[in-house]
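Per-entry structural report
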Amino acid sequence: MEQNNFQDFSFAIGGMTCVSCSSFVEKTLAELPGVHFVSVNLSTGKTYVRGDSHVTKDLLFLAVQKAGYTALDEVLSDDDDQKRFRSSLRNVILAWAAAALAMGIMMFLPASSGGFGRRLFDVLIGLIVIVGPGKKILKGALIAIRHHHANMDVLVALGALAAWATGVASAFGLPLQSFAALSPMIPAFHLTGRLLEERLRRKAGKDVRALMTNTHSSVRVVHEDGEIHEIPVDTVSLGMRIRILSGESIPLDGKILSGEGAVGEALVTGESLPVYRGVGEEVIGGTVLERGSLDVEVLRTGDDAFLAKMLTLVEQAQGQTVPLQALADRIAARFVPAVVFFAFIAFLLWGIFGFSWLPLLENLADIFPWIPQDSGSWTIGAYVFVALLVVACPCALGLATPLAVSVGAGAAARRGILFKDGAVMQNAAHLDVVIFDKTGTLTQGKPQVVFSSLSPEEAGIAAALEHYSVHPLAQAVTDWAETMELSIPEVEEVEELPGEGIVGKVHSHLYRLGRPSPDFSKPEVVPSGATIVSLDRDGESVGILAFIDPLKKEAQAAVAKLQSLGVQPVMATGDGESAAMNVAKQVGIPKDNVHWRMKPEGKLELVQSLRGEGRVAMAGDGINDAAALKAADAGFALAEGTDLSLEAGDVVILKGGLARIPETMALSRAIGRKVKGNLLWAFGYNLLAFPLAAAALVHPLMAEVAMSLSSITVVMNSLSLRKRGESEDKEPEMKTLVFDVRGMSCNHCVARVEKSLEPLASRVNVDLENGQVTVDTDQSPAQISAAINEAGFSAFPAS
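Residues numbered from 1 in each chain as written. Predicted model: local features only at pLDDT ≥ 70, side-chain atom pairs only at ≥ 80, totals over all residues. Heavy atoms only, no water.

**Some details on the overall build of the protein**
The cut-off we apply is this: Each helix corresponds to a stretch of at least 4 residues labelled H or I by DSSP, and each strand to a stretch of at least 2 residues labelled E; elements are numbered beginning at the N terminus. Burial status follows relative accessibility: with a 1.4 Å probe on protein chains alone, a residue under 20% of its type maximum counts as buried, one over 50% as exposed, and anything between as partly exposed. A contact between two residues is defined here by any heavy atoms of the two lying within 4.5 Å.
For the protein, the count of helices and strands is 26 helices and 28 strands. Within the span of the protein, comprising 799 residues, buried residues form 52% of the whole. Pairs at least 24 apart in sequence give 70% of the contacts found in the protein among residues at least 6 apart.

**Structural notes on the packing of helix α6 (residues 152-171) against helix α13 (residues 377-391)**
Any two packed helices are characterised by how steeply their axes cross, that is the angle between the axes, and by the distance between the axes. Rules: A fitted line through C-alpha atoms serves as each axis, taken over the contacting stretch for helices, and the angle formed by two N-to-C directions is quoted from 0 to 180°. Here is the rule for angles: anything less than 35 degrees is roughly parallel, anything more than 145 is roughly antiparallel, 65 through 115 is roughly perpendicular, and the remaining ranges are oblique. Less than a right angle of anticlockwise turn of the near helix away from the far helix marks a crossing as left-handed, whereas a clockwise turn marks it as right-handed. Each residue gets one label: Ala, Val, Leu, Ile, Met, Phe, Trp, Tyr, Cys and Pro are nonpolar, Asp, Glu, Lys and Arg are charged, and the others, such as Gly, are polar.
Taken N-terminus to C-terminus, the directions of α6 and α13 make an angle of 160°; their axes are 8 Å apart at the nearest point. As far as their axial angle goes, α13 and α6 are roughly antiparallel. With respect to the hand of their crossing, α6 and α13 are arranged in left-handed fashion. Contacts between α6 and α13 involve L155, L158, G159, A162, A163 and T166 from the first element and A382, F385, V386, L389 and V390 from the second. Taken together, the residues of the contact of α6 with α13 sort by class into nine nonpolar, two polar and no charged.

**Digging into the side chain of E458**
The test is simple: Under the convention used here, Asp and Glu are negative, Lys and Arg are positive, and both His and the chain ends fall outside the count. Salt bridges are identified by distance alone: a Lys or Arg side-chain nitrogen within 4 Å of an Asp or Glu carboxyl oxygen. Pairing of N or O atoms within 3.5 Å defines a polar contact, subject to two protein rules: one partner must be a possible hydrogen donor and the other a possible acceptor, and residues neighboring in sequence count only if both atoms are side-chain atoms.
As for its placement among the helices and strands, E458 is situated in helix α17 (residues 456-466). No salt bridge is formed by the buried E458; the nearest opposite charge belongs to R537, separated by 5.1 Å. Among the polar contacts made by the side chain of E458, one reaches the main-chain amide nitrogen of S455 at a distance of 2.9 Å. When residues no more than four places from it in sequence are discounted, the contact partners of E458 are S453, L535 and V542.

**Quick notes on the sheet that holds strand β21 (residues 594-595)**
Applied cut-off: Pairing between two strands requires that DSSP report at least two bridges joining them.
Ordered in space as β12-β24-β23-β22-β13-β20-β21, the seven strands form an open sheet in which the pairing is mixed. Each end of this open sheet is capped by a strand with a single partner; those strands are β12 (417-419) and β21. Two elements, strand β23 (residues 634-638) and strand β24 (residues 651-653), share three bridges in a ladder whose sense is parallel. Bridging across to β24, L638 finds its partner in I653. Strand contacts of helix α23 (residues 660-694): β12, β13 (433-436), β22 (616-620), β23 and β24, with the helix running at about 55° to β12, the strand carrying the most contacts.

**Focus on the side chain of D52**
Tracing the sequence through the fold places D52 in the loop between β3 (46-51) and α2 (57-66). Although D52 is buried, it forms no salt bridge, and the closest oppositely charged side chain is R50 at an N-O distance of 11 Å. One polar contact links the side chain of D52 to the main-chain amide nitrogen of H54, over a distance of 3.0 Å.

**Here's the deal with the packing of aromatic side chains**
How we decide: Each Phe, Tyr or Trp ring (for Trp, its six-membered ring) is paired with any other whose centre lies within 6.5 Å, and the angle between the two planes then decides the class: stacked below 30 degrees, edge-to-face above 60, tilted in between.
Taken as a whole and assessed by the stated rule, the structure comprises seven aromatic pairs. Taken together, the ring pairs in this structure connect F347, W378 and F385 into an aromatic cluster.

**Some words on the packing of α13 against α23**
Relative orientation of the contacting elements α13 and α23 amounts to 170°, with a least axis distance of 8 Å. Taken together, the axes of α13 and α23 lie roughly antiparallel to each other. Here V384, A387, L388 and V391 of α13 come into contact with α23, specifically with Y685, A689, F690, A693 and A694. Across the contact of α13 with α23, the residue classes tally to nine nonpolar, no polar and no charged.

**Comments concerning α23**
Which entries qualify depends on this criterion: An expected span of 1.5 Å times one less than the residue number is assigned to each helix.
In a regular helix each residue adds 1.5 Å, so 35 residues correspond to 51 Å; α23 covers 50 Å between its end C-alpha atoms and thus fits that length. Looking at the residues trailing α23, positive phi occurs at A696, about 70°.

**A word on helix α26 (residues 781-790)**
Here is the rule: The directions considered for the arc are those from the helix axis to the C-beta atoms.
Listing the buried residues of α26 in full gives I784, S785, A787 and I788. Around the axis of α26, the buried residues are gathered within 160° of arc, so they sit on the same side. Across from the buried face of α26, at angles greater than 90 degrees, the exposed residues are A782 and E790. Residues of α26 that are buried make contact with β25 (735-742), α25 (747-757), β27 (772-777) and β28 (794-797). Just beyond α26, the residue with positive phi is G792, at close to 105°.

**As for the environment of K674**
One can find K674 in helix α23. The class for K674 is partly exposed, based on a relative accessible area of 21%. Sequence separation of K674 and T401 is 273 residues, and the distance between their C-alpha atoms is 8.2 Å. Ignoring any residue separated from it by four or fewer positions in sequence, one finds K674 in contact with A404, N717, S720 and L721.

**Some remarks on the confidence of the model for the protein**
The criterion, for reference: What pLDDT conveys is the predictor's confidence in a given residue, as a value from 0 to 100.
On average, the protein scores 79 in pLDDT, and the residues at 70 or more come to 84%. Averaged pLDDT values over the elements of the protein bottom out at 52 in helix α8 (residues 206-213) and peak at 93 in strand β20 (residues 568-572).

**A word on the environment of A694**
Structurally, A694 can be placed in helix α23. On a C-alpha basis, the gap between A694 and G381 in space is 9.1 Å, while along the polypeptide they are 313 residues apart. If near-sequence neighbours (up to four positions away) are discounted, A694 is found in contact with W350, V384 and L388.

**Details of the nonpolar core**
The nonpolar side chains of a soluble globular protein tend to be buried with one another. Put simply, the rule is: Among the buried residues, those of types Ala, Val, Leu, Ile, Met, Phe, Trp, Tyr and Cys that are joined through side-chain atoms within 4.5 Å form a nonpolar core.
L155, L182, I186, L361, I380, V384 and A696 are the most contacted members of the largest nonpolar core, which has 56 residues in total. Here this core gets 10 residues from one element, more than from any other, and that element is α13. Leaving out residues up to four positions away in the same chain, A696 has contacts with W350, L361, I371, I380, Y383 and V384. Ranked by size, the runner-up nonpolar core spans 47 residues in total, among them V434, M571, I589 and L679.

Here it is as structure tokens:
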């Protein structure tokens, strides 16, 4: 729930068959008091509603029911879907059995030569199919008409009934050729097309269903006395200790209390290789423990769990509309009534004036042998009426955008990219500028002490002062001090001075740890670009600490990739000039594009000024960059661990860091191409098919087949996005490397080696006694050796 007390609801709707259905449901829900936003996704069958405190789920469900549809808490399970599939398949088989019988009779005994009995047979067969296997079509049409709107069922039902009515009229002696033999075939073709389309749409939602169905009914709870009992997962409370065995999926978010193992996180991060997890580390519900055994303390349950939040984000993205969809939605909303109107007008025009057009049809009969040119103008009018009703395809038009967006959002989720805004899918395709925050975005956000001129006593005083500080460098000092056996004194009268440091009294002396004095001269031994703090005693400096925040391993490659795509990289940081320029040089950002000592409002102004030059993206941590992220055309929030940064950015990147930004651009371009291709096909098909049917050149059966194929083509084209994502999911092979390392003599050395390898390896094991380091990594031995050497040691592959 947001600060303005809005509530979010997500539920499934059954009974929708085309875009007219979803549009009507969306309109019905949007008219409810207190509802501020509604999105109904036909391709997934899901609805997302945002409303104030007056809106309840019961109210929404009642509105859906009054509209003639069924509201469900969740989409159908795989078992229920199989039951529905078997029922639909049975209807298709029955419809085709009757249609095949009608076609066989029609081939050997034409209606014009069969007399009353022959025509009556066609009428009976058609009626059986329409009210039997085709009753869902008829029911859907009646529901739509009763609620004053029109959908695809209305077109098909009217077409089948019109063809059937010609048989009734002909049987009673009216001068009209019977097309009753078509009345069972039209529902048969339509039911077949709908069955194929639904199966393909079901396949399109496979990624999200994988998130939804990856849940447990029960878990093993370990009690304080060691006894283990299984209880329902929805009764688990925070702090409980649960046990997961090898090969099982992890039911809930938690922290490892004992054990270790390899966890497959592909479902939620897109990382196909298992990741080593040990005591103290967090695991995510929905991931799989591929090897090992874990006891885990439950940290999050229900809607607060990582998987639930991730699913909410994906469903919201799938329900969003992109700017390209607006025109298609406006046309689709008026499509069915317009088709019925023009079909009726064409019937009248052919019936009244068709005799003058018959010679032209006779000339075309050799090319289009199915034209009933000898049957009279009213017969051709009925023929055209039926063809127009069944050839028009609002489904292709309605599915063109939402299905591509839905499949694209699912493919992105597998890669650890979560879209929160539909427009960003279009905006991110052609970015001109990407502004990077430095700390935590280009760098790891975990500063490390790389130089100290303090004595052990002075280092202990520095650590004692930083114990009271919330500054990011304070944790670095604390971590550094823990690797050294220091004596930590008591500090009195502690005060933190914003922008200056922290002060306190130790043994009657006033100490300050913070920014060096203006006349400070950096020693040559301090690494270039390091951040320096000075420890002063009674106003005189006694020594310094130098910090460096290591680069993220993908930073340089990501910036280079963006530059190769024609994107201009810019850095905006609150740090000083030296640290900013050093990082910019390492990652390849031109010095003219570096902005330092910038406050959040300054970053916002920078975004606004650069938007005049093109489309601008902002990449940050989603906290102090929130205003700039919101102002940009595309805001990339880099999540840490299980933090989804739900309130910041248009795109949340869960895994892969900065490398996912150019991937997002590529995926956005692919989605855009599919949307445009789908719309071009849908518009082109209807613009071509409708005039041909109006000119009596399209047989009604051909029209029904073409209509079904049109929708299936759109679905298949959208599904190719999923295959594209699968082809990109292949990761480098993980391997275990062992190195002999010289120069390690203490726990501080071990910590330095571990930190140097943290960005490059999923597991690091340092054996101080034997001088060996073992890593699980997808990097080369040379890269691992170089990282250890940069930490101040000598590494050689073990023999």
